[in-house]
Protein chains: 2
Amino acid sequence: MLFAKPLAELIAQLERLPGVGPKSAQRLAFHVLRMPTDDVRRLSEAFVKARESLQLCSQCQNVSEGEICEICSDARRDDSQICVVAEPRDIAAMERINEFKGKYHVLHGLLSPLDGIGPEQLKVRELLERLRADIQEVIVATNPTVEGDTTALYLAKLIKPLGVKVTRLAHGMPVGGELDYADSATLLSALEYRREL
Amino acid sequence: MLFAKPLAELIAQLERLPGVGPKSAQRLAFHVLRMPTDDVRRLSEAFVKARESLQLCSQCQNVSEGEICEICSDARRDDSQICVVAEPRDIAAMERINEFKGKYHVLHGLLSPLDGIGPEQLKVRELLERLRADIQEVIVATNPTVEGDTTALYLAKLIKPLGVKVTRLAHGMPVGGELDYADSATLLSALEYRREL
C-alpha cells in the first residue's frame, strides 16, 4: 500500500493520459489534493462536459457544440473557399493569423497506408459532397510531411477534375528563421518555390 | 472563437495544472474527446473522489481514507520507530525499499525561513505529541538539501532532550538530490547507515 486508494486510483487514471508518466501523475495528483474542492469539481466536470456535449459539425467535421459549428454558421464567412486541415487544432492555428475568411474542412488524420489509414478512414467523402455547392478554391493546409504531401496530392487528383482550384500552403523558410539553421528539405523547397521580386 | 466552448473550458482548466502548458493542455483535451465516454467519466470522478474522500491521518498526518491511515493501524508495524518525512510521496519511496517496518510522520514541508515556513507551518507539534508514547528512535528522512538539513538539526535539538534517539538517513544519497527520485538500492544503504545526530 503505497498510497491511499482514491489517491492511487487518481494516479492510475492520470498515467493513462498521453505524455503523463508515473512521476507527473503523482505530482498532479498531490496538487489536486491541495486544490480548493470547487476548483477540483470544475476540472472534473470539464472533462465530462467536453466529452459529452461535443460532436462533429455536420458540414466541416470540426469539433462543435451544436450540429453546425460556429464558423460554418457564420454568414460573414466566405462560402467559396474551403481550407482543408488534418486536425481541429489546425483550425485554431489558422484562425490565430486572422487572415483566412473562408470555411474549413477537417480530415481527422492524414493518409498513411503503412498505418492502414486510407481515404475511407478520413473525412474525404464529406469533403467531396461539399464541393457540389459553389466552391471556387480548396486550400490544402496539411503539414509539410510525407503524409501531408501524399494527402494533398491525393486530394488535388480527386478535386481538380471537378473544376475546383486546389492550392496548398507555401513551403519555405520560416519567417525570422536563419538560413544557417534551416534543414536541407526546407531550404530545398524554399529554393524550388522561389518567387520573383 | 478558436475552440467550441466546452473544449476551450477543458483546455483552460488543464492549463491551470502544474507543468501543463498551453500545448499539452490542447493535446490532452483532444485526447479526451477521443476517449470512450466511460473512461472519461472514471477519470473525472477520480479527481473529485481523491479530493473529497481523503484526509490527513490523525496520527502520522499522511494522506488517508479514514481517520487513521493503513500504516498507523497496522498492528504488525513497529511502534517504537518513527520515520519523519517531508511529504506523503516520500512514504511511498520508503515503502518501496520494503525494509523499514516502523511508522511514519509527515511534516508537510521543510523549514525554510526565507519562505516564511517555520515549525508552526509544519506538523512538528503533532510529532512531539506522539513522542509521549514509548518511542525509541526517530529517523529523520528529509531530503539532503539545505532545508532538509536545517529541519533535521532542528528536530534533533527538540527531540534528543526527551531521551529519544534521533538518527538521519546516511548521506549515501547524492547531495542535492530528492528522496522521491532515489533508487531503492541507494535508499536502502542510506537507511542502513543512518547515523545518530
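In this text, all values refer to a predicted model and were calculated from it rather than measured experimentally.

Contacts between the two partners involve 55 residues from chain B, matched on the other side by 54 residues from chain A. Counting the surface lost from both chain B and chain A, the interface buries some 5000 Å², and carbon and sulfur atoms represent 68% of this. Ranking the residues of chain B by area buried against chain A places L2, F47 and R51 of chain B at the top, with a combined share of 14%. Taken together, the links from chain B to chain A amount to four salt bridges. Remark: the boundary between chain B and chain A carries nine residue pairs in polar contact (both at pLDDT 80 or more). Among the secondary structure elements, those contributing two or more residues to the side of chain B that touches chain A are α1 (5-15), α2 (22-34), α3 (37-53), β2 (63-64) and α4 (88-97) of chain B. If one sorts the elements of the side of chain B that touches chain A by residue count, α3 of chain B sits on top with 16 residues.

The subject of this paragraph is helix α2 (residues 22-34) of chain A. Note that an α-helix has 3.6 residues per turn; residues three or four places apart therefore point the same way. The terminal C-alpha atoms of α2 of chain A lie 19 Å apart, and with 13 residues this matches the ideal 18 Å at 1.5 Å per residue to within 8%. What α2 of chain A keeps buried is the set S24, A25, Q26, L28, A29, F30, V32 and L33 of chain A. Buried residues along α2 of chain A sit in contact with α1 (5-15) and α3 (37-53) of chain A together with α3, β2 and α4 of chain B.

For the rest of this paragraph, the subject is unusual backbone geometry. Residue and element names in this part refer to chain B. Of note in this structure, Q61 is not a glycine but carries a positive phi near 70°. Mapped onto the fold, Q61 is located in the loop between β1 (55-56) and β2. Not every positive phi belongs to a glycine, and H108 is a case in point at roughly 60°. Residue position: H108 is located in the loop between β4 (103-106) and α5 (124-130).

The subject of this paragraph is the pairing of strand β4 (residues 103-106) of chain A. Residues and elements named next belong to chain A. Alternating positions in β4 separate into two faces, K103 and H105 on one and Y104 and V106 on the other, with burial throughout. Inspection of the sheet shows strand β3 (residues 81-85) paired to β4 by four bridges, in the parallel sense. Of the residues in β4, the one forming a bridge with I82 is K103. For the segment spanning β3, helix α4 (residues 88-96) and β4, crossover handedness is right-handed.

Much of the literature gives interface size as the accessible area that the parts lose upon coming together. Under the domain assignment used here, chain A contains domain 1 (5-49) and domain 2 (76-196). Inter-centroid distance (C-alpha atoms) of domain 1 of chain A to domain 2 of chain A is 37 Å.

Residues and elements named next belong to chain A. Taken as a whole and judged by the stated rule, the model has five aromatic pairs over all chains. Taking the centre distance of 5.7 Å and the plane angle of 70° together, the rings of F3 and F30 count as edge-to-face. Residue F3 is located in the segment before α1, and its partner F30 is located in helix α2; the two are separated by 27 residues in the primary sequence. A relative accessible area of 13% means that F3 is categorised as buried.

As a further point, take the nonpolar core. The nonpolar side chains of a soluble globular protein tend to be buried, and buried together. Of all hydrophobic cores here, the largest spans 47 residues; its most connected members are L7, L14 and F47 of chain A together with L7, L14 and F47 of chain B. Of all the elements in the fold, those that place two or more residues in this core are α1, α2 and α3 of chain A together with α1, α2 and α3 of chain B.

Scanning all chains against the criterion turns up four cavities of 30 Å³ or more. Here the largest cavity is characterised by a volume of approximately 40 Å³. If you trace the largest cavity, you find it lined by L14, L17, L28 and F47 of chain A together with L14, L17, V20, L28 and F47 of chain B. A per-class count over the lining of the largest cavity returns nine nonpolar, no polar and no charged.

Let us now look at the confidence of the model for chain A. In regions of low pLDDT, the predicted coordinates are not meant to be interpreted in detail. Residue and element names in this part refer to chain A. Mean pLDDT over chain A works out to 90, with 99% of the residues at or above the 70 mark. Mean pLDDT across the elements of chain A ranges from a minimum in helix α7 (residues 184-192), with 79, to a maximum in β4, with 96. Complex prediction metrics read pTM 0.76 and ipTM 0.77.

What follows deals with the pattern of salt bridges. Residue and element names in this part refer to chain A. All told, the structure shown has 20 salt bridges over all chains when counted by the stated rule. Two residues, R76 and D74, come together in a salt bridge whose shortest N-O distance is 3.2 Å. A salt bridge links E129 to R125, with the shortest nitrogen-to-oxygen separation between them at 3.4 Å. Of this pair, E129 and R125 are both found in helix α5 (residues 124-130), four residues apart, which corresponds to roughly one turn of the helix.

Moving on to the environment of K5 of chain A. Within the element layout of this structure, K5 of chain A appears in helix α1. On a C-alpha basis, the gap between K5 of chain A and D180 of chain A in space is 54 Å, while along the polypeptide they are 175 residues apart.

What counts and what doesn't
Residues numbered from 1 in each chain as written. Chains lettered and ligands numbered in written order. Predicted model: local features only at pLDDT ≥ 70, side-chain atom pairs only at ≥ 80, totals over all residues. Heavy atoms only, no water. Contact = heavy atoms within 4.5 Å. Buried area = accessible area lost by both parts, 1.4 Å probe. Salt bridge = Lys/Arg side-chain N within 4 Å of Asp/Glu carboxyl O. Polar contact = N/O pair within 3.5 Å; in protein donor to acceptor, adjacent residues only side chain to side chain. Helix = DSSP H or I, 4+ residues; strand = E, 2+ residues; numbered from the N terminus. Expected span 1.5 Å × (residues − 1). Buried < 20%, exposed > 50% of the residue type's maximum accessible area, 1.4 Å probe, protein only. Pairing = 2+ DSSP bridges. Right-handed = clockwise from strand over helix to strand, strands pointing away. Domains from an automatic or database assignment. Phe/Tyr/Trp six-rings, centres within 6.5 Å; stacked < 30°, edge-to-face > 60°. Core = buried A, V, L, I, M, F, W, Y, C linked by side-chain atoms within 4.5 Å. 1 Å grid on protein atoms, 1.4 Å probe; cavity = no way out; pocket = protein on both sides within 12 Å on 5 of 7 lines; lining within 4 Å. Points joined across faces, edges and corners; volume = space filled by probe spheres on them. Nonpolar A, V, L, I, M, F, W, Y, C, P; charged D, E, K, R; others polar. pLDDT = per-residue confidence, 0-100.

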